Amino acid sequence: MLDSAMAALASLADPSLLIMLLIGTVAGLIMGLIPGLGGTGAVAILLPITFGMEPPQALALLIGALAVVHTSDTVSAVLLGAPGSASASVTMLDGYSMAKKGQAARALTLAFLSSMAGGIIGAVGLTLAIPLARPLVLSFASPELFMLTVLGVALAAVLSRGNIIKGISAGLLGLVLGMVGTSPTTAEERFTFGSLFLGDGLSLVAVALGIFGLAEIASRASQRRGQTENITVGGGWGKGIREWLSHWTQVIRGALIGIWAGVLPGVGATAGTWLAYGQAVATAKDKRQFGKGDPRGIVGPESANNSVEAGDLIPTLLFGIPGGVPSAMLLGMLLTYGIQPGPSIITEHLDLMYLIVWSFAIASILGALFCFLSVKQLAKLTKVPFAVLAAGLVAVMLLGSFQEGGQLGDLWVMIILGVFGWLLKSTGFPRAPFLIGFVLAIPLERYYFLTDSLYNGLDWMARPGVLVFLAILILPILWAFIKFIRARRNTNLDDGHRDERPEDDESPLKDSTWSLAAAGIFAAAFAAALISSASFSPEARLVPQLVSIGGLVFSGILLFIEIRTRLRGRTPKAGQTIAEEAEGILATQPAKAGWTLDAKFAFKTFLWMTGFLALTAAFGYLIAVTIFIPAFLLIVARARLKTAVVYTAVLYVVLLALPSLLPIDLPQGWLNTLV
Amino acid sequence: MTVLVAYAPAPEGREALTQGIAEAVLRKADLLVVHVGRGHHGLEAKDLKDIEDRLQAAGQALHLESSVLADPGDAVIQIAQDRNVDMIVIGLRHRSMVGKLILGSTVQRILLDATCPVLAVRADRLN
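Residues numbered from 1 in each chain as written. Chains lettered and ligands numbered in written order. Predicted model: local features only at pLDDT ≥ 70, side-chain atom pairs only at ≥ 80, totals over all residues.

J.: What is the right way to look at the nonpolar core in this model?
T.: Here is a general trend for soluble globular proteins: nonpolar side chains tend to be buried in one another's company. A:Leu62, A:Ala65, A:Leu435, B:Leu4, B:Ala6 and B:Val76 are the most contacted members of the largest nonpolar core, which totals 245 residues. Looking at this core, the element that brings in the most residues is helix α16 (residues 350-381) of chain A, giving 18 residues. Residues within four places of B:Ala6 in sequence aside, it is in contact with B:Ala16, B:Val34, B:Val36, B:Val76, B:Ile88, B:Ile90 and B:Ile110. (Core = buried A, V, L, I, M, F, W, Y, C linked by C-beta atoms within 7 Å. Buried ≥ 20, exposed ≤ 12 C-beta atoms within 10 Å, placed from the backbone. Helix = DSSP H or I, 4+ residues; strand = E, 2+ residues; numbered from the N terminus. Contact = placed C-beta atoms within 7 Å.)

What follows is the structure in structure tokens.
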């Protein structure tokens with residue numbers, strides 16, 4: 001074991017690996033600064049670049065980025081009070097308060113060092129998990145692996161924030177979407193409507209970039225103005241380092257909470273950081289300074305959000321169930337290389353495991369170092385308005401999703417899923433179970449049929465491993481049910497809230513016509529899947545039918561709840577006090593909000609993306625970029641003409657040079673095929 | 001002087017509020033109400049006006065405050081420490097050992113973490 005660990009470290013001396021790790025780290029730091037991208041965006045954008053590479057190089061690049069995304073996302077949270085990712089909003093509470101007092105350098109030192117330590121402790125946790133889980137993993141056979149995939153989707157659905165019914169519906173729809181293409185058992189085509197393009201299944205990059213990337217751009221593109229406040233970083237780095245050392249227990253505690261949050265599927269970096277913050281507050285005797293610049297409010301959460309990403313990798317690599325969205329994509333990548341996580345990665349690819357560990361640790365150190373060296377420049381980048389960044393991001397994301405299959409169809413899928421992702425985000429559906437379901441759909445089916453053919457009837461259910469997983473599957477559902485009952489009876493007032501986060505305003509269109517529409521789309525999609533699966537052969541039909549029947553049940557409940565709240569909102573009960581009535585009006589108001597300003601803007605942005613894609617289809621990518629970028633910058637972002645010209649020129653040159661530097665193809669248009 | 005009441009829309013919370021008002025009048029202290037329930041359903045405007053009138057008759061003032069902290073127990077402690085209150089009034093509810101173990105208890109945390117005297121009342125007293 002130690003041998004393979006050392007061998008992996010030695011292999012990192014290979015210049016090509018080291019360069020990839022460096023590129024990944026720098027790219028991850030930059031993407032951490034861009035609001036809304038986070039680990040998901042970083043992996044999704046970098047994944048296409050890795051398609052032509054060997055697995056070690058690809059992993060070094062992706063892990064390098066993943067390890068440091070949460071190091072740089074702190075910069076804008078501390079300096080501007082505008083977090084670069086949802087998990088950095090925790091650091092904002094105390095970090096921004098410190099910055100306002102002129103102690104930005106102190107806050108940033110604490111944050112960078114904690115991020116670094118969190119990453120290293122996370123990597124250590126990953127290392128220790130390998131020998132601990134090894135005997136367990138090696139005892140797994142197909143029934144256990146089948147249960148694990150079910151568990152992966154189910155836990156992600158139950159544990160991710162928001163409504164459980166919404167989570168389960170999203171997870172099931174992800175499973176259905178993942179089954180589009182060729183059935184793993186009978187090799188017949190499912191849900192393809194005779195299309196050759198859909199026969200290969202949907203591309204993971206297109207789905208991830210659509211559901212998360214484009215949706216995020218659409219909901220943020222209305223931010224035209226950047227921060228105008230003057231940024232003063234100030235001094236006091238040395239003092240910060242000494243202060244950080246005095247909080248070492250908080251660092252370790254935060255990192256351990258982060259690892260645990262990472263191991264649980266669906267509990268991502270955001271929930272992990274809030275847990276760490278709650279822990280820091282709970283263990284402090286003097287709570288006065290929290291929210292006003294308490295160093296303990298920065299150290300623990302910052303350490304946690306980096307170790308979450310390492311914790312995510314533990315179930316991903318050892319059990320094949322992704323702990324979060326970025327690792328779900330990593331899992332997808334490993335599968336395309338033919339590397340099966342779970343038993344086979346431990347026996348055959350142990351060197352890759354240790355390469356991941358080392359890359360994670362080294363990238364964490366490099367990331368913190370780069371942040372210290374370049375914090376002034378990074379601070380400037382946070383001043384760029386999001387709308388200006390959005391133009392380039394759209395171009396990059398579309399190019400990225402073209403790389404997997406080289407088909408324009410993937411890009412259309414991506415935009416459609418972008419609209420759907422935006423709908424999910426704004427109506428309070430968790431998107432993580434959707435993507436995890438999408439990734440696990442095929443493994444789930446394959447393991448089921450393996451199990452079914454190896455065992456008589458339901459004998460496999462009696463295997464001890466399976467029974468344990470069944471228990472793990474049922475407990476959280478039971479738990480959530482008890483909590484729901486207590487909330488209904490209003491007997492939960494005294495229950496602890498430490499595991500909960502403050503209400504966020506991320507889903508402004510909850511309980512409106514929009515969420516009714518979303519529930520309707522879910523129900524319709526499941527119904528359509530059920531009907532069209534009737535024509536499949538019995539073997540290919542089983543899993544899609546089960547999933548869509550389950551989906552119909554849950555989306556039916558959702559639809560019922562939505563309709564009921566809509567009806568209730570309209571008829572105020574008699575005998576209400578004025579205040580209650582006023583509250584009732586306030587509560588129903590969002591329900592009446594059809595086309596809110598944000599919704600209009602989001603749809604306009606999607607129209608722009610569609611236009612861009614139409615241009616690409618007609619004239620090719622390069623021409624489309626030269627038209628789309630300046631138009632978007634001038635009309636939507638309202639940037640200055642000079643900015644638009646320079647921006648377009650730089651992007652054009654980069655795109656022209658890119659195919660010769662990296663294995664990247666630019667989409668050709670209808671015009672190019674004529675010429 | 002300030003008395004802090006941890007209010008929640010339930011019998012215990014209302015009892016705590018009643019006792020808190022009595023205590024504030026007795027001690028000639030201001031009353032600080034912190035809402036600890038989930039959601040934003042605080043006190044209604046009419047009730048607040050009533051309380052304010054009663055306190056004003058005794059020459060005291062009513063304050064409302066909330067905290068950035070997510071856990072209501074932590075929030076109460078933070079506000080109490082921040083405002084340097086003289087007493088926290090909370091309403092108790094009977095909870096089983098298992099219930100407290102599994103679900104946690106906000107009241108228990110306030111009792112254990114508070115750095116000032118705590119007055120605990122229950123809604124179902126013997127008459």
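J.: How should I be thinking about the interface of chain B and chain A in this particular structure?
T.: Reports often express the size of an interface as the amount of accessible area lost when the parts come together. With 23 residues of chain B at the interface, the matching set in chain A holds 22 residues. Taken together, the elements giving at least two residues each to the side of chain B that touches chain A come down to α2 (45-57), α3 (72-83) and α5 (106-113) of chain B. Per-element tally for the side of chain B that touches chain A: the top contributor is α3(B), with six residues. Class assignment of the residues belonging to the side of chain B that touches chain A gives a composition of 10 nonpolar, six polar and seven charged. (Nonpolar A, V, L, I, M, F, W, Y, C, P; charged D, E, K, R; others polar.)

J.: I keep staring at the confidence of the model for chain A and nothing clicks. Help me out?
T.: Interpretation of the predicted coordinates at a detailed level should be avoided for regions scoring low in pLDDT. The pLDDT averaged across chain A works out to 84; a share of 92% of its residues lies at or above 70. Looking across chain A, the model is least confident in helix α23 (residues 578-592) of chain A, with a mean pLDDT of 42, and most confident in helix α11 (residues 248-263) of chain A, with 93. (pLDDT = per-residue confidence, 0-100.)

J.: Help me understand unusual backbone geometry in this model?
T.: Peptide bonds are, in most cases, trans, and in most cases residues other than glycine have a negative phi. Phi is positive for A:Phe191, close to 50 degrees, though the residue is something other than glycine. Its location among the elements puts A:Phe191 in the loop between β2 (189-190) and α9 (204-220). Assessed through the 20 C-beta atoms surrounding it within 10 Å, A:Phe191 is described here as buried. Here the phi dihedral of B:Lys28 falls at roughly 55 degrees; this positive angle occurs in a residue that is not glycine. By the secondary structure assignment, B:Lys28 is in the loop between α1 (11-27) and β2 (30-35). You can call B:Lys28 exposed: it has 10 C-beta atoms within 10 Å.

J.: I keep staring at the packing of helix α5 (residues 88-100) of chain A against helix α13 (residues 296-319) of chain A and nothing clicks. Help me out?
T.: To characterise two packed helices, one gives the angle between the axes of the helices and the distance between these axes. Residue and element names in this part refer to chain A. Their axes nearest at 8 Å, the elements α5 and α13 cross at an angle of 160 degrees. Classified by the angle their axes make, α5 and α13 are roughly antiparallel. Between α5 and α13 lies a crossing of left-handed hand. The segment α5 lies against α13, with Val 90, Thr 91, Leu 93, Asp 94 and Gly 95 engaging Gly 297, Ile 298, Pro 301 and Glu 302. Split into classes, the residues belonging to the contact of α5 with α13 amount to four nonpolar, three polar and two charged. (Axes fitted to C-alpha atoms, helices over the stretch in contact; angles between N-to-C directions. Parallel < 35°, antiparallel > 145°, perpendicular 65-115°, else oblique. Left-handed = near helix turned anticlockwise from the far one by under 90°.)

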